[in-house]
Amino acid sequence: MTFLKSLTKVPNFQLQFFAIQRRINLQRLPSFLHYQHDLTVLSIDNNQLTGNFPTWLLENNTRLAGLYARDNAFIGTLKLPSGRHLHLEEFDVSNNKLSGRVPANISSDFPKLNNLNTSQNCLNISPIRSTRHYHISYGFLNDFNLMDVETQVQFSTKRNSYTYKGSILKYMSGVDLSSNGLTGEIPVELGNLSKIHAFNLSRNHIFGKIPNTFSNLHEIESLDLSYNSLNGRIPVGLLELHSLAIFSVAYTNLSGAVPPFEAQFSTFDKSSYQGNPLICGSEESAGLTDTQSFYIGFTVSSGVILLRLAAALCFNSYWRTAWFGLVEVLMLNSYYFPLDNVVTPIKSRWWRNLVLILIVWTSR
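On a predicted model such as this, the values are computed, not experimentally measured, just so you know.

Chemist: Could you clarify how one ought to interpret the overall build of the chain in this entry?
Modeler: Within the chain one finds six helices and 20 strands. Burial analysis of the chain (364 residues in total) assigns 42% to the buried set. Across the chain, the fraction of contacts at a sequence separation of at least 24, relative to all contacts at a separation of at least 6, is 55%. Counting only carbon and sulfur atoms, one obtains 58% of the accessible surface of the chain, whose full area is about 19,900 Å².

Now the structure itself:
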């Protein structure tokens, strides 16, 4: 810390990587960072940094590929640099106190952006002015191995929050906007993010329908829209998301039938739909649905059997004669069986008792 504070003059070095994290109470950035222009990875997590988000870090370091600034106390709006940033792939500002809107042109200003994490702030979502698709770059840095520096990224996906570090970051691509107090409808342009693997919009105040364009998220593995105020039906087009392993629309006020239990949707249990009383076809109402299905199936099957039997009897006289003979025998057996085994013994016993009573009475 003393060394960092002493760097007040223009330094005679240019760094490619700078990481200072794990809650050392830095509180403000070292001034020498104003003179750094070759940074490719910058990690300032867990330092209780305050004030507006330092957009100048992006302005000064146009080669920056990863910027990690989570778990600080940055306030104000999330401002983007004045020009396009052609190298940024990882951008994490989660768990700060940022407000305002997520910039609408973030996808065009950061054309290589794979992982964006703005969760646990107070941001609102804006329509993204872009028609392009996000592409994954599998070489995070040309001359730098993230595993060597063990940069950590916390990301909420598949109903849990995980911390990733090392080379696995080269294969991640997702957007985490959970717990931001987001309002408004989901922009249909988000369906253009066809290469992301995880998308988390849970625990916000989003309303409106799920965009049909979400069927374009062909590589999505985790889609979490839970704990919002959505309405309408779940788009049937989501059946086209063959990589989807985790899906949750719990407590979203959706209605109507769930998509057919086909492909990956046959693997989702009631937790994916719970808290939506107007949704039908989910396992939450499976007891009632299965019972109804049994009664309907039994009734239809019985009706088909009776119709086939009636048709056979109408067109075949031999079967008709045999059938009515069988019915006659069953009717006679149904009549005489209880008569011989129930009524007659009761009558015999009753008359026997009556005779005994009369004999006793007359003997007196």
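Chemist: I would appreciate a short explanation of the sheet that holds strand β17 (residues 229-230) in the present structure.
Modeler: Hydrogen bonds between backbone groups are what pair the strands of a sheet, and the pairing can be parallel or antiparallel. As summarised here, the arrangement of the three strands in space is β13-β15-β17, forming an open sheet in which the pairing is parallel. The sheet terminates laterally at β13 (183-184) and β17, the two strands that pair on one side only. Across two bridges, strand β15 (residues 205-208) lies against β17 in parallel orientation. Paired with Phe207 across the bridge in β17 is Ser229.

Chemist: How should the packing of aromatic side chains be read in this particular structure?
Modeler: The way to describe two aromatic rings as a pair is by their centre distance and the angle between their planes. Applying the stated criterion to the full structure yields 11 aromatic pairs. Measuring from ring centre to ring centre gives 6.4 Å for Phe247 and Tyr273, while their planes differ by 65 degrees; the resulting arrangement is edge-to-face. With Phe247 in strand β18 (residues 246-248) and Tyr273 in the loop between β19 (256-257) and β20 (279-280), this residue pair connects regions lying 26 residues apart in the sequence. Among the aromatic residues, those joined into a cluster by ring pairs are Phe53, Phe74, Phe91 and Phe110. Positioned above the aromatic ring of Tyr227, the side-chain terminus of Arg203 is 4.1 Å from the ring centre.

Chemist: Looking at this structure, I do not really get the pairing of strand β7 (residues 97-101). What am I missing?
Modeler: Looking along a regular strand, one sees side chains alternate from face to face of the sheet. Here strand β5 (residues 73-77) pairs with β7 via three bridges, running parallel. Each residue of the ladder has a partner; that of Thr77, found in β7, is Ser99.

Chemist: Explain the pattern of salt bridges to me, please; I cannot follow it from the model alone.
Modeler: Charged atoms that come close allow side chains of opposite charge to pair. Counted by the stated rule, this structure contains four salt bridges. The closest approach of N and O atoms between Arg63 and Asp38, which form a salt bridge, is 3.8 Å. On the criterion of sequence distance, the pair formed by Arg63 in the loop between α2 (56-60) and β4 (66-68) and Asp38 in the loop between β1 (17-19) and β2 (41-43) is long-range, its members being 25 residues apart. Owing to a relative accessible area of 25%, Asp38 belongs among the partly exposed residues under this scheme.

Chemist: Whenever I open this one, the sheet that holds β5 confuses me. Can you help?
Modeler: Sheet architecture is open: four strands sit in the order β3-β5-β7-β9, paired in parallel fashion. For this open sheet the edge positions go to β3 (50-52) and β9 (122-124), each flanked by a neighbour on one side alone. On average, each strand axis in the sheet is inclined to that of its neighbour by 15 degrees, with strand direction left out of account.

Chemist: Looking at this structure, how should I read the environment of Trp56?
Modeler: Tracing the backbone shows Trp56 in helix α2. Sequence separation between Trp56 and Leu33 is 23 residues; the distance between their C-alpha atoms is 9.6 Å. Trp56 has contacts with Leu29, Leu33 and His34, leaving out every residue within four places of it along the chain.

Chemist: What am I meant to see in unusual backbone geometry here?
Modeler: Negative phi values dominate among residues other than glycine, just as trans dominates among peptide bonds. Of note in this structure, Ser179 is not a glycine but carries a positive phi near 55 degrees. Locating Ser179 in the fold gives a position in the loop between β12 (174-176) and β13. For Ser179, a relative accessible area of 31% translates into the label partly exposed. Of note in this structure, Ala263 is not a glycine but carries a positive phi near 50 degrees. When you line up the elements, Ala263 lands in the loop between β19 and β20. Overall, the relative accessible area of 47% leaves Ala263 in the partly exposed class.

Chemist: Looking at this structure, I do not really get the side chain of Glu90. What am I missing?
Modeler: Looking at the secondary structure, you find Glu90 in strand β6 (residues 90-92). Buried and without a salt bridge, Glu90 has Arg70 as its closest oppositely charged side chain, separated by 10 Å. Looking at Glu90, its side chain comes within polar contact range of the side chain of Asn115, at 2.7 Å.

Chemist: Where do I start with the nonpolar core in this structure?
Modeler: Burial of nonpolar side chains together is a common tendency in soluble globular proteins. Ranked by size, the top nonpolar core spans 59 residues in total, and within it Phe53, Phe91, Phe199, Phe214 and Phe247 carry the most contacts. Contact partners of Phe214, with chain neighbours within four places excluded, come to Ile186, Leu190, Gly191, Phe199, Leu223, Leu225, Leu238 and Leu241.

About the thresholds
Residues numbered from 1 in each chain as written. Predicted model: local features only at pLDDT ≥ 70, side-chain atom pairs only at ≥ 80, totals over all residues. Heavy atoms only, no water. Helix = DSSP H or I, 4+ residues; strand = E, 2+ residues; numbered from the N terminus. Buried < 20%, exposed > 50% of the residue type's maximum accessible area, 1.4 Å probe, protein only. Contact = heavy atoms within 4.5 Å. Areas by Shrake-Rupley, 256 points an atom, 1.4 Å probe, with all protein chains shown as cover. Pairing = 2+ DSSP bridges. Phe/Tyr/Trp six-rings, centres within 6.5 Å; stacked < 30°, edge-to-face > 60°. Lys NZ or Arg CZ within 6 Å of the ring centre and 35° of its normal. Salt bridge = Lys/Arg side-chain N within 4 Å of Asp/Glu carboxyl O. Axes fitted to C-alpha atoms, helices over the stretch in contact; angles between N-to-C directions. Lys, Arg positive; Asp, Glu negative; His and termini not counted. Polar contact = N/O pair within 3.5 Å; in protein donor to acceptor, adjacent residues only side chain to side chain. Core = buried A, V, L, I, M, F, W, Y, C linked by side-chain atoms within 4.5 Å.

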